[in-house]
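If you want the building blocks of each chain, they are given just below.
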Amino acid sequence: MEGTSGLYEIRVEVGSDIYGVFSFFDKGHLIILINGFQKKTQKTPKSEIELAEKLKKEYFNETNMLHDNANTNENNFQQHGSSIRQLKNKSFTDEKAGK
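The residue numbering used here restarts from 1 in each chain and proceeds along that chain's sequence as written. Local features are withheld for residues below a pLDDT of 70 in this predicted model, meaning they are given only at 70 or higher, and side-chain atom pairs are given and counted only at 80 or more; totals for whole chains, interfaces and linings count all residues. Values shown for side chains rest on all heavy atoms present in the structure; no hydrogens or waters enter the calculation.

**Quick look at the packing of aromatic side chains**
Any two aromatic rings considered together are summarised by their centre-to-centre distance and by the angle between their planes. Pairing of aromatic rings covers Phe, Tyr and Trp, the last through its six-membered ring, and needs centres within 6.5 Å; plane angles under 30 degrees mean stacked, over 60 mean edge-to-face, and all others mean tilted. This model, assessed by the stated rule, comprises 5 aromatic pairs. When the ring of Phe24 is compared with that of Phe60, the centres are 5.4 Å apart and the planes differ by 45°; the resulting orientation is tilted. Of this pair, Phe24 sits in strand E2 (residues 17–26) while Phe60 is found in helix H1 (residues 46–97), placing the two residues 36 residues apart along the sequence. For Phe60, a relative accessible area of 23% translates into the label partly exposed. Here a strand is any run of E in DSSP of at least two residues, a helix any run of H or I of at least four, and the numbering for each starts at the N terminus. Residue burial is assigned from relative accessible area. The probe radius is 1.4 Å, only protein chains are included, and a residue is buried under 20% of its type maximum, exposed over 50%, and partly exposed in between.

**A closer look at the pairing of E2**
Bridging between strand E1 (residues 8–14) and E2 involves 7 bridges; their strand directions are antiparallel. Across the sheet, the residue bridging to Arg11 is Gly20, located in E2. Between E1 and E2, which pair antiparallel in sequence order, lie 2 residues; one of them, Gly15, sits at a positive phi of approximately 60°. Bridging between E2 and strand E3 (residues 30–39) involves 8 bridges; their strand directions are antiparallel. Counterpart to Ser23 in the pairing with E3 is Leu33. Strands are treated as partners if at least two bridges between them are detected by DSSP. From the end of E2 to the start of E3, which pair antiparallel, there are 3 residues, and Lys27 there has a positive phi angle of about 60°.

**A look at the sheet that holds E3**
Strand pairing in a sheet takes place through backbone hydrogen bonds and is either antiparallel or parallel in direction. Pairing is antiparallel across the open sheet formed by 3 strands, whose spatial order is E1-E2-E3. The two strands at the open ends of the sheet, each matched to only one other strand, are E1 and E3. Geometrically, the sheet is characterised by an average inter-axis angle of 25° between neighbouring strands, direction not taken into account. For helices, the axis comes from a line fit to the C-alpha atoms of the stretch in contact; other axes are also lines fit to C-alpha atoms, and the angle between any two N-to-C directions lies between 0 and 180 degrees.

**Some words on the nonpolar core**
In this text, buried Ala, Val, Leu, Ile, Met, Phe, Trp, Tyr and Cys residues form a nonpolar core when linked through side-chain atoms within 4.5 Å. If you look at the biggest cluster of nonpolar residues, it comprises 8 residues: Leu7, Phe22, Phe24, Ile32, Ile34, Phe37, Ile49 and Ala52. Taken together, the elements giving at least two residues each to this core come down to E2, E3 and H1. No other element matches the 3 residues that E3 contributes to this core. The contact partners of Ile32, leaving out residues within four places of it in the chain, are Phe22, Ser23, Phe24, Asp26 and Tyr59. Should any heavy atoms of two residues lie within 4.5 Å, those residues are considered in contact.

**Regarding the side chain of Glu48**
In this fold, Glu48 is placed in helix H1. One buried charged residue, Glu48, forms no salt bridge at all, with the nearest opposite charge on Lys40 at 9.7 Å. Contact partners of Glu48, with chain neighbours within four places excluded, come to Phe22, Asn35 and Phe37. The charge count includes Lys and Arg as positive and Asp and Glu as negative, but it does not include His or the ends of the chains. A pair is scored as a salt bridge if a Lys or Arg side-chain nitrogen falls within 4 Å of a carboxyl oxygen belonging to Asp or Glu.

**A look at the environment of Leu30**
If you trace the backbone, Leu30 turns up in strand E3. Taking the relative accessible area as the measure of exposure, Leu30 reaches 45% and is therefore partly exposed. For Leu30, the contacting residues outside a window of four places in its chain are Phe24, Phe25 and Tyr59.

So this is what it looks like as structure tokens:
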């Protein structure tokens, strides 16, 4: 849609009613459908576009937060795994030395 950051409007006709559903792409492969609304005129209400922009932003903020948390957890696991191996090696070395 013109004037948006990658939003698309899908129009669906059900009987005599027309509905609009906003969508966008995540990494070019996944299509995300967000807010839908009943169209009363050909023009899409500005308030619906603003809501769609807000929901898109929230989606990417949450997705990035989940991605960051997953990376942090993986790094923590790798760091703790290394510490545990060091403790096990130290314990084994101490046992062999009779400590």
